[in-house]
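Each chain, letter by letter, is given below.
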Amino acid sequence: MKTLLVSSALAMLATLFTPAHASEHNGAAMAATCAGCHGTHGKLRNQEFVPLAGMPEAEFIRAMRDYKSGKRQSTLMGNLAQGFSDRDVQAMARYFARVK
Ligand code: HEC
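In this text the structure is predicted, and so the values were computed from the model without any measurement.

1. What about the overall build of the chain?
When you go through the chain residue by residue, the secondary structure sums to 6 helices and 0 strands. Start at the N end of the chain and walk to the C end: the helices and strands fall as α-α-α-α-α-α. Within the chain, contacts between residues at least 6 apart in sequence are counted, and of these 53% link residues at least 24 apart.

This is the structure:
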């Protein structure tokens, strides 16, 4: 049971940190990689992490650029933002702005 938990946790981390669908420029697919921390479809069940659903496009893009450049301090998002191109970020921005 314990091994099962550990291996499923590892599998989850692998999907979280591998933007596997990035080349498809599919905002919804890329956004799924954020669900582990930011909630399913950007919605949150608890308040530990910032909700992304409904975030204005411009605000989202600015946040991701600032994490990527290091202008904005972060524990996790700086490393994560490195994995996405400007086009990827725009695709996700459109997706999140539409999710309510
Ligand atoms: C491993 C957990 C984790 C994952 C996965 C994750 N985030 Fe985050 N996110 C955080 C944390 C923690 C913060 C707060 C800043 C920090 O300390 O890094 C944050 C903050 C943010 C913010 C700033 C929100 C605001 O209101 O200013 C944005 C935007 C964001 N994340 C986008 C994303 C996107 C897009 C993805 C998927 C590509 C993603 N995050 C995946 C943990 C995560």
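That was the structure; now back to the text.
2. Overview of the site of the ligand
In the neighbourhood of the ligand, 19 residues make up the surrounding shell, with Cys-34, Cys-37, Ser-74, Thr-75 and Met-77 lying closest. Residues of the shell around the ligand, tallied by class, amount to 14 nonpolar, 5 polar and no charged.

3. Quick word on the confidence of the model for the chain
Averaged over every residue, the pLDDT of the chain is 78; residues scoring 70 or more account for 64%. Within the chain, the element-level pLDDT minimum falls on helix H1 (residues 2-17), averaging 53, and the maximum on helix H4 (residues 57-69), averaging 96. The low-confidence segment residues 20-24, where pLDDT is below 50, has 7 contacts with residues more than four positions distant or belonging to other chains.

Here is what the cut-offs are and how they apply
Residues numbered from 1 in each chain as written. Predicted model: local features only at pLDDT ≥ 70, side-chain atom pairs only at ≥ 80, totals over all residues. Helix = DSSP H or I, 4+ residues; strand = E, 2+ residues; numbered from the N terminus. Contact = placed C-beta atoms within 7 Å. Near = placed C-beta within 6 Å. Nonpolar A, V, L, I, M, F, W, Y, C, P; charged D, E, K, R; others polar. pLDDT = per-residue confidence, 0-100.

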